[in-house]
Amino acid sequence: MPPFNLTSLTPATFILAGIPGMEKSHIWISIPFCSMYLAALLGNGVVLFVVRTEHSLHHPMYLFLSMLAIADLMLSTTTVPKMLALFWFSAGEISFGACLTQMFFLHFSFSVESVILLAMALDRFVAICYPLRYASVMTQSAVVKAGLVALLRSFCIIFPCIFLLKRLPFCGHNVIPHTYCEHMGIARLACADISINVLYGLAVPFAAIVVDVVLIAVSYVLILLALLKLPSRTARQKAFNTCSSHVCVILLFYIPAFFTVLTHRFGQEIPHHVHILLANMYVLFPPLLNPVVYGVRTQQIKEKVVKVFICPKIRLLQE
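Worth saying up front: this structure is predicted, and the values here are computed from it rather than measured.

1. Quick look at helix α3 (residues 96-129)
An α-helix turns once every 3.6 residues. As a result, residues three or four positions apart point the same way. The terminal C-alpha atoms of α3 lie 50 Å apart, and with 34 residues this matches the ideal 50 Å at 1.5 Å per residue to within 8%. A large share of α3 lies buried, amounting to 27 of its 34 residues.

Laid out in structure tokens, this is it:
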């Protein structure tokens, strides 16, 4: 039995149980999870390298894309390595402090990514609705301020969760039926009233994300109205192609997250292992697919990837 701090009834360690009911399949499940994680590392790494090395991409849209790639890497790296260690080596033990740290960075990176997606929507709104003012509004200073706002807001709404969990007694309960530590998964182990955790964990972060979604929706409604007023069909098509990549990324990010939250809160009839698999999807799918969406649908990214990675090899072969 793991040791306990008797003064606060706080466990020295938690045990991550993985996917309950599918323990015998952990090795097989780890294969696609590991593949998706490695592909996410590669894809987001390529995006960051290309944007950093190509000065022609040092514009707000691509700087926000770099921030999105960093948030994606944080979101997946916070959870997946420990998840794979659990699947491969049954290394489910995690210290109380490490569990809280993982919980913080999981929710923090999700909130940061939401703010970045909002900033990208506002960037497209200014570019399409007020093109003559774009250069004066979307400066590098504005991009930096947007990044700082994303970090500050996310810190302010997620950091209190640490104190809400540290105040709880656990009375010997330390097995988390999940592949990673998240706020309510930890709180449900407590032998005390967790109504404050439930209220804060649902109301504050969820309300912040909903505000982001509403503002993104308003931005794209205004963008759509502006597109319909463009006289040139070619101009409308070009503007639509510019926005379509971002819309795909938004859907990939929010749909799995909201579906996971709603099934977790209201889908009591859904088997628990399905809940856990869905929860794993939103830390794997956005980091995996975001670089693919932007790489395939954004001509500038495709051209720069070819220039940076393929052209040098062709020159070497010719020599």
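2. Some details on the state of the cysteines
Under the criterion given, the structure shown has two disulfides. Disulfide partner of C99: C181, at an S-S distance of 1.9 Å. A torsion of -115° about the S-S bond marks the disulfide between C99 and C181 as left-handed. Taken together, the residues span a long stretch of sequence, with C99 in helix α3 and C181 in the loop between β5 (175-176) and α6 (183-187) at a distance of 82 residues. Note on C181: relative accessible area 0%, which makes it buried. The disulfide partner of C171 is C191, and the S-S distance across this bridge is 1.6 Å. Sign of the S-S torsion, about 65° for the bond between C171 and C191, identifies this disulfide as right-handed. Here C171 is found in the loop between α5 (140-166) and β5, whereas its partner C191 is found in the loop between α6 and α7 (195-229), with 20 residues between them in sequence. Exposure remark for C191: the relative accessible area of 33% places this residue in the partly exposed category.

3. Some details on the pattern of salt bridges
Taken as a whole and assessed by the stated rule, the structure comprises two salt bridges. For R124, the salt bridge goes to D123, with nearest N and O atoms at 2.8 Å. Here D123 falls in the buried class, since its relative accessible area comes to 2%. Notably, a salt bridge pairs D212 with R153, separated by 3.0 Å at the nearest N-O pair. Remark: R153 occurs in helix α5 and D212 occurs in helix α7; sequence separation between them is 59 residues. Judged by relative accessible area, which is 2%, D212 ranks as buried.

4. Side note on a nonpolar patch on the surface
The grouping of V210, V214, V218, V221, L222, L224, L225 and L228 at the surface amounts to a nonpolar patch, some 680 Å² of accessible area in total. Assessed through its relative accessible area of 46%, V214 is described here as partly exposed.

5. Quick word on the pairing of strand β3 (residues 13-16)
Inspection of the sheet shows β3 paired to strand β4 (residues 93-95) by three bridges, in the antiparallel sense. Paired with I15 across the two strands is E93, which belongs to β4. Strand direction decides the pairing type here: β3 and β5, joined by two bridges, are parallel. Across the sheet, L16 pairs through a bridge with I176, a residue of β5.

6. Re the nonpolar core
Note that soluble globular proteins tend to have their nonpolar side chains buried in a common cluster. Counting 92 residues, the largest nonpolar core has F14, F33, L117 and I186 as its most contacted members. In terms of residues, this core owes the most to one element, α3, which gives 19 residues. Ignoring anything within four residues of it in the chain, the contact list for F33 reads M83, L84, F87, L277, N280, M281 and L284.

What counts, and at which threshold
Residues numbered from 1 in each chain as written. Predicted model: local features only at pLDDT ≥ 70, side-chain atom pairs only at ≥ 80, totals over all residues. Heavy atoms only, no water. Helix = DSSP H or I, 4+ residues; strand = E, 2+ residues; numbered from the N terminus. Expected span 1.5 Å × (residues − 1). Buried < 20%, exposed > 50% of the residue type's maximum accessible area, 1.4 Å probe, protein only. Disulfide = S-S within 2.5 Å. Salt bridge = Lys/Arg side-chain N within 4 Å of Asp/Glu carboxyl O. Patch = residues over 30% accessible without salt bridge, like charges linked within 9 Å, V, L, I, M, F, W, Y side chains within 5 Å. Areas by Shrake-Rupley, 256 points an atom, 1.4 Å probe, with all protein chains shown as cover. Pairing = 2+ DSSP bridges. Core = buried A, V, L, I, M, F, W, Y, C linked by side-chain atoms within 4.5 Å. Contact = heavy atoms within 4.5 Å.

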